[in-house]
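These are the residues of each chain, in order.
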Amino acid sequence: MVRTPPRPVKRKVGPAGAALGHPLPAAPSAQRSAIALPVPSPMKAALYSEFASPFGIERIDDPAPPADGVVLRVTATGVCRSDWHGWMGHDADISLPNVPGHEMAGVVEAVGRDVRLWKPGDRATVPFVCACGSCPQCASGNHQVCDRQCQPGFTHWGSFAQYVALHRADTNLVRLPEEMDDVTAASLGCRFTTSFRAVVDQARVAAGEWVAVHGCGGVGLSAVMIARALGANVVAVDISEKKLAFARDLGARATIDASACDDVAAAVREASGGGAHASIDALGSAATCFASVACLRKRGRHVQVGLMLAEDSRPPVPMDRVIAHELEILGSHGMQAHRYPAMMEMIRRGELRPDRLVGRRIALEEAPAALMAMDAFGDTGMTIVTKF
Ligand SMILES: [Zn+2]
Ligand SMILES: [Zn+2]
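How each quantity is defined
Residues numbered from 1 in each chain as written. Chains lettered and ligands numbered in written order. Predicted model: local features only at pLDDT ≥ 70, side-chain atom pairs only at ≥ 80, totals over all residues. Helix = DSSP H or I, 4+ residues; strand = E, 2+ residues; numbered from the N terminus. Contact = placed C-beta atoms within 7 Å. Buried ≥ 20, exposed ≤ 12 C-beta atoms within 10 Å, placed from the backbone. Pairing = 2+ DSSP bridges. Right-handed = clockwise from strand over helix to strand, strands pointing away. Axes fitted to C-alpha atoms, helices over the stretch in contact; angles between N-to-C directions. Core = buried A, V, L, I, M, F, W, Y, C linked by C-beta atoms within 7 Å. Expected span 1.5 Å × (residues − 1). Bend = angle between axes of the 7 residues up to and from the residue. Parallel < 35°, antiparallel > 145°, perpendicular 65-115°, else oblique. Left-handed = near helix turned anticlockwise from the far one by under 90°.

> Quick question: what am I supposed to make of the environment of valine 303 here?
When you line up the elements, valine 303 lands in strand β13 (residues 296–304). Once you skip the residues sitting within four places of it in the chain, valine 303 turns out to touch Ala198, Gln202, Ala203, Ala278, Ile280, Leu330 and Ser332.

Encoded structure:
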């Protein structure tokens, strides 16, 4: 993929000795805000220099805002399985060393010279796909698949830090409503917004339809909540009774324990009276992808949301059913900043309660261990870093 901006040469800096410079270019005329920095410089960040090796907190240079971007003082950031994939070395966009973190809320601290809409002190969040705003995809409104996208925590250093630099602020930053707290805002960053686009825009779920949700982690539980808010009947699938109980709490009509079921697709078809109208693979594995396609009724829509990486990247799909039943297979990749207002309005009206999906709150010092444990699927609800 095309990466913007070009990565400058990384450099060693003093006086911390081992600290590494932030791999983002400083805009020559970027202005620091007049506000005194509320944390000591250089900042703290969770930084790994090797894939799949234990890592911790380092002191690294504070970022400077790109000409078209801002520096955000991070007030909350989510720990996501995508970060685990990145740390494992499954994501070709990452070069080392790297600071993970892409689900954030914060306060604008410094603004680049070309930014029109943002000023220090503004509260903001950002989609995990930051778009260029000018390529053919962006021109068609599809910023989530921008040809020149960048992703904090992947193509450049992310929000497991006291500060993060963000690009093209006028295109990508989303203003936070006054009544929304930082933790809730950070919890929207990736899994909730991705689910919103998957259920609302890609699966086009309508009231009265049956929706299957495979995997009840952050994406799946968000999908249960969003589909229910649209008036759909949800069948939730997982291997954890605790997560299935939470899915029922969020309004799932039926739940299926995949660990005690030989044929999940058949069980969903039975529970939904002939098959789901739409089905979301919220986990991302060969088994859940297959079951999600196979559980659909005729002309149903499968949406792949869970990342398919490493050995799961080329899964078997029942294409015989896709043809005979005219099924649709769709991907869903984040959500554009300009679609946030529709979601924010449903949150404001209380139809969506992302705060219910927040689990543990931890300090930055605990973030590396939480990230490294993300493949264990132990926690119900999202883990959010709230102390920096
Ligand atoms: Zn673009
Ligand atoms: Zn994420």
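Moving on from the model shown.
> I tried to follow the pairing of strand β12 (residues 276–281) on my own but got confused; where do I start?
Judged by how many residues are buried, β12 sits mostly within the fold: six of six residues are covered. Judged from the five bridges that link them, β12 and β13 form a sheet pairing that is parallel. Within the sheet, the bridge partner assigned to alanine 278 lies in β13 and is arginine 301. Handedness of the β-α-β unit built from β12, helix α8 (residues 286–294) and β13 comes out right-handed.

> Teacher, can you tell me more about the sheet that holds strand β10 (residues 233–238) here?
Within a beta sheet, neighbouring strands are joined by backbone hydrogen bonds and run either parallel or antiparallel to one another. Taken in spatial order, the six strands of this open sheet run β11-β10-β9-β12-β13-β14, and their pairing is parallel. With partners counted over all chains shown, the strands left at the sheet margins are β11 (254–257) and β14 (328–331), one partner each. Here the average twist between neighbouring strands, direction ignored, is 20°. Two strands pair when backbone bridges link them, and β10 and β11 are joined in this way by four bridges, in the parallel orientation. Bridge pairing in β11 links valine 237 to isoleucine 256. Along the sheet face, helix α7 (residues 264–271) touches β9 (210–214), β10, β11 and β12 and points at about 165° away from the line of β11.

> Explain the nonpolar core here, please?
Soluble, globular proteins show a tendency: their nonpolar side chains are buried together. Among the nonpolar cores identified, the biggest contains 117 residues, and Val70, Leu72, Val213, Val224, Val235 and Val268 are the most heavily contacted of them. Of all the elements, helix α4 (residues 182–202) adds the most residues to this core, at nine residues. Those residues in contact with valine 70 that sit more than four places away from it in its chain are Pro65, Val108, Ala110, Val111, Gly112, Val115, Trp118, Leu166, Ala169 and Leu173.

> Is there a simple way to explain the pairing of β9 in this structure?
Moving residue by residue along a regular strand, the side chains alternate between the two faces of the sheet. For β9, the tally of buried residues reaches five of five residues, placing the bulk of the element in the interior. The two faces of β9 match: Trp210, Ala212 and His214 on one face and Val211 and Val213 on the other face are all buried. Crossover handedness for the path β9 to helix α5 (residues 218–229) to β10: right-handed.

> What should I look at first to understand α7 in this one?
Because an α-helix packs 3.6 residues into every turn, residues spaced three or four apart end up facing the same way. Of all eight residues making up α7, six are buried, and the element is well covered by its neighbours. Taken together, the buried positions of α7 are occupied by Val264, Ala265, Ala267, Val268, Arg269 and Ala271. The elements touched by buried residues of α7 are β9, β10, β11, β12 and α8. With its phi angle positive at about 65°, glycine 273 sits one or two positions after the end of α7.

> Sorry, what's going on with unusual backbone geometry here?
Cis geometry is adopted by the peptide bond preceding proline 97, which originates at leucine 96 and carries an omega value of -5°. Relative to the assigned elements, proline 97 resides in the loop between α1 (81–88) and β5 (104–111). The phi torsion at alanine 310 lies on the positive side, around 50°, for a residue other than glycine. With respect to the element layout, alanine 310 can be found in the loop between β13 and α9 (319–324). Not every positive phi belongs to a glycine, and glutamate 326 is a case in point at roughly 50°.

> Teacher, can you tell me more about α4 here?
For α4, built from 21 residues, the straight-helix expectation of 30 Å at 1.5 Å per residue is met to within 8% by its first-to-last C-alpha distance of 28 Å. Its axis deflected by about 65° at glycine 189, α4 carries its strongest bend there. With 19 of its 21 residues buried, α4 lies for the most part within the structure. Of the residues trailing α4, arginine 204 is marked for its positive phi of about 50°.

> Where do I start with the packing of α4 against α5 in this structure?
Between two packed helices, what matters for the description is the angle formed by their axes and the separation of those axes. Taken N-terminus to C-terminus, the directions of α4 and α5 make an angle of 50°; their axes are 8 Å apart at the nearest point. Between α4 and α5, the crossing angle belongs to the class labelled oblique. The two elements α4 and α5 meet at a crossing, and its hand is right-handed. Judged by residue contacts, Arg191, Phe192, Thr194, Ser195, Phe196, Ala198, Val199 and Val200 of α4 engage Gly218, Val219, Ser222, Ala223, Ile226 and Ala227 from α5.

Geometric values such as these leave the question of function open.
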